[in-house]
Amino acid sequence: MKKLILGLTLAAIAVVVLALLAFNVIPMPGSSPNESANAPATSALPSPPDAPVLEPAQGQPAAPIVPPDSPVSAPSPVATSPAPQVTKPAGLSPDWSTASREYTPNEAALNKLVPTPIMVNVRCGTHTQEGGYDRTVFDFNGLMPGYKIEYVQQVIQDGSGNTTNPPGGKYFLNVTFTPADAHYTDGTSALKSKECSATPNFPALRSHNVHSDYEAHVGAALGLGHKAPIRVGAVDKTGPDGKPRQSLYIDVHH
């Protein structure tokens, strides 16, 4: 009887073990203890093939290999050379010319020319800079009047119409100032002590004169040894009375 009960017990245990094995509750021999019963089967994926290596063209450097996930940076700006500086041609500066020069004051400027500017001095000198030039300066006791400077064949005196060419000159620059006077209100000349000789005999400037002082017009002329480019400018200064004074200069190139 005991043997029968033992046999039945062993048979029941065998049935239970077989049932557990059938439902994978107990791992099969040779399996991993960490594998889940419901884990899907996975298959190993093959590794992607290596990217082909491109050989550079003959004489060209190899291009750098850029990983596919690397960020693409914007190309660097191409450096450009600065524009070449334009140099002025050697010789006379652009403000030298044989062309006529003229200045006509507008109404506002004319209102400041009261009383009429008086020419009080004529100065001259020779210079070696810029290839050499002779300068004549006309000083006024006030602001600059209007003027016209031009080459003429003959110098004509205002009022009389007489020819008054400066001596020794082959070419003549005539200068007319208006409104301007070369005398004071009492009629005496304002040019009694000119600082320039009438015949300086410089390389370009041979002589000069103030030939007219008539109805607020002052005429002057330069006698030149050759027809040359001229340059014209104004100089500002302050007189002994504290009022502004201006001078006109004419440069004649050697």
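Residues numbered from 1 in each chain as written. Predicted model: local features only at pLDDT ≥ 70, side-chain atom pairs only at ≥ 80, totals over all residues. Heavy atoms only, no water.

Chemist: For this particular structure, what's the right way to read the nonpolar core?
Modeler: In a soluble, globular protein the nonpolar side chains are often hidden away together inside. If you look at the biggest cluster of nonpolar residues, it comprises 28 residues, and the most contacted ones within it are Ile149, Leu173, Phe177, Ile250 and Val252. If you list the elements that add at least two residues to this core, you get strand E2 (119-127), strand E3 (133-140), strand E4 (146-152), strand E5 (171-178), strand E7 (217-224), strand E8 (230-238) and strand E9 (244-253). Broken down by element, the residue count for this core peaks at four residues, all from E7. The residues contacting Ile149, other than those within four sequence positions of it, are Ser100, Arg101, Leu173, Asn174, Val175, Ile230, Val232, Leu248 and Ile250. (Core = buried A, V, L, I, M, F, W, Y, C linked by side-chain atoms within 4.5 Å. Buried < 20%, exposed > 50% of the residue type's maximum accessible area, 1.4 Å probe, protein only. Helix = DSSP H or I, 4+ residues; strand = E, 2+ residues; numbered from the N terminus. Contact = heavy atoms within 4.5 Å.)

Chemist: Can you walk me through the sheet that holds strand E1 (residues 101-103) in this structure?
Modeler: Paired through their backbone hydrogen bonds, the strands of a sheet run either parallel or antiparallel. Strand order in the open sheet formed by five strands is E1-E4-E5-E7-E6, and the pairing between neighbours is antiparallel. Two strands in the sheet have a free side with no partner beyond their single neighbour: E1 and strand E6 (205-214). The average undirected angle you get between the axes of adjacent strands in this sheet is 15 degrees. Note that E6 and E7 share eight bridges and pair antiparallel. The residue of E7 that forms the bridge with Tyr214 is His217. (Pairing = 2+ DSSP bridges. Axes fitted to C-alpha atoms, helices over the stretch in contact; angles between N-to-C directions.)

Chemist: Is there a simple way to think about the side chain of Ser212 in this case?
Modeler: Residue position: Ser212 is located in strand E6. Judged by relative accessible area, which is 3%, Ser212 ranks as buried. A polar atom in the side chain of Ser212 sits 2.8 Å from the backbone nitrogen of Asp158. Among the polar contacts listed, one links the side chain of Ser212 to the side chain of His211, at a separation of 2.6 Å. Once you skip the residues sitting within four places of it in the chain, Ser212 turns out to touch Gln157, Asp158, His217, Val218 and Gly219. (Polar contact = N/O pair within 3.5 Å; in protein donor to acceptor, adjacent residues only side chain to side chain.)

Chemist: I keep staring at the environment of Arg231 and nothing clicks. Help me out?
Modeler: Structurally, Arg231 can be placed in strand E8. A polar side-chain atom of Arg231 sits 3.1 Å from a polar atom in the side chain of Glu130.

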